[in-house]
Structures are given as structure tokens and as C-alpha cells.
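# Inside the fold
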Amino acid sequence: FPVTIAEMGDEFARQVYQVKRAKKQAGEAINEAAKALKGERVDVNPVVNRFLSSVEEDLGVKITPTNQGVTVVFKGSDLEGNTPEIRSAQGVLKNLIDRMYNTRTLSAYDVHRLKTYIDTQASYGSQMGGLKGNTDRIVKGLRHDLDTILDDNFESYRVANQSYAETKNALD
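Residues numbered from 1 in each chain as written. Predicted model: local features only at pLDDT ≥ 70, side-chain atom pairs only at ≥ 80, totals over all residues. Heavy atoms only, no water.

Another point: the side chain of Gln90. Within the secondary structure, Gln90 is located in helix H3 (residues 84-102). Taking the relative accessible area as the measure of exposure, Gln90 reaches 15% and is therefore buried. A polar atom in the side chain of Gln90 sits 2.5 Å from the backbone oxygen of Leu79. (Helix = DSSP H or I, 4+ residues; strand = E, 2+ residues; numbered from the N terminus. Buried < 20%, exposed > 50% of the residue type's maximum accessible area, 1.4 Å probe, protein only. Polar contact = N/O pair within 3.5 Å; in protein donor to acceptor, adjacent residues only side chain to side chain.)

The subject of this paragraph is the pattern of salt bridges. Taken as a whole and judged by the stated rule, the model has eight salt bridges. When the shortest N-O distance is used, the salt bridge between Lys35 and Glu32 registers 3.7 Å. A residue pair is termed a helical-turn pair when its members lie 3 or 4 positions apart in one helix, as Lys35 and Glu32 do in helix H1 (residues 5-35) at three residues. Looking at Glu32, the relative accessible area reads 51%, which means it is exposed. Ionic pairing is found between Arg143 and Asp119, a salt bridge with its closest N-O pair at 2.5 Å. Separated by 24 residues along the polypeptide, Arg143 in helix H5 (residues 130-153) and Asp119 in helix H4 (residues 108-121) bring together distant segments of the chain. (Salt bridge = Lys/Arg side-chain N within 4 Å of Asp/Glu carboxyl O.)

If you check H1, its first and last C-alpha atoms are 45 Å apart, about what 31 residues at 1.5 Å a residue would give, namely 45 Å. Buried within H1 are the following residues: Ala26, Gly27, Ile30, Ala33 and Ala34. (Expected span 1.5 Å × (residues − 1).)

A cluster of nonpolar side chains, namely Val3, Ile5 and Met8, defines an oily patch on the protein surface of about 310 Å² accessible area. Following the sequence through the fold, Ile5 ends up in helix H1. When its relative accessible area of 68% is taken as the criterion, Ile5 is described as exposed. (Patch = residues over 30% accessible without salt bridge, like charges linked within 9 Å, V, L, I, M, F, W, Y side chains within 5 Å. Areas by Shrake-Rupley, 256 points an atom, 1.4 Å probe, with all protein chains shown as cover.)

This is the structure in C-alpha cells:
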């Protein structure tokens, strides 16, 4: 062989490093594009209503707006109980719904922040079964729909987001 295995490994490591660097730059570009969305209006009502309906219909969770925010009731739902998996799924939904109801004005930047908040709450990877998996699928559906709204309405956000997705896919 004109090239040694070690040289091939070094070249592969260099390429991975370059893609990781490009991913980091794309992530920074998303953040910059998102900051430019402060004060920009975007209608997320259809997406949020679809999410809330899915939580109520698919999981049986009752959501009631109140003067103080929102009440989320798990009694009688698929998420009733006290196992670690159920408590985790309850926490994700309660935190997300509370955050959505407690955001006074929802700018496109707030939508981006909600999307990144979902990334910190939902589980990713092969563990997608059971109640936590069902909850994560519904939550990730909301994230996808929010991302689509931002991509469809703001070109700079879409371009930065697309670059990030390409580098992430290359690394995966």
C-alpha cells in the first residue's frame, strides 16, 4: 500500500476534526440568526394547539389554563403513577407546558429558545419505547414543527440550520 493504516487514521481524524469545527461554526451561526429574530413575530398557535391536543388525546393528560398559569393533571392519564420513567415523562411535559404558558410575548427568538429547551428535555437515541418514548415523540414533534416555522419564515435561520444539520448528519 502506498498509504499506511496509520496515515489513513490520521487523515480520517483530520476530516472528523474539520467537520466538528464546521458544526460548531454552524451552531454559532444559528445562534446569531436566532438573536436577529428578537422582536420578530411568528404565529405558532396552530403548532402549539396541535401539541396540546396530542398531549390530551394521545396521553390523556388534562391541561387547564388558570389565572396563575396552567394546571397539568396526570391522574387518569397514561402518565399516572410514580415510577422513575413516569416521573421523568411527567416532568418533561409539565416543564414544557409551564414554560409555554408563562412566556408573556412569543417572538421568533423565544420560539428558537423553546426549541433548544426541548433539546435539553427530550431523550435522543435508541431508547424510544414505553411511556417516556411516547412522550418524547410528542415533544419532538413540537420541536420539529417549531423549527419548520422558523425555517419557513426566516431565510438566515433556515440556511444556518441547514448547515448545522448537514454537519451533524456527516458526524452521525
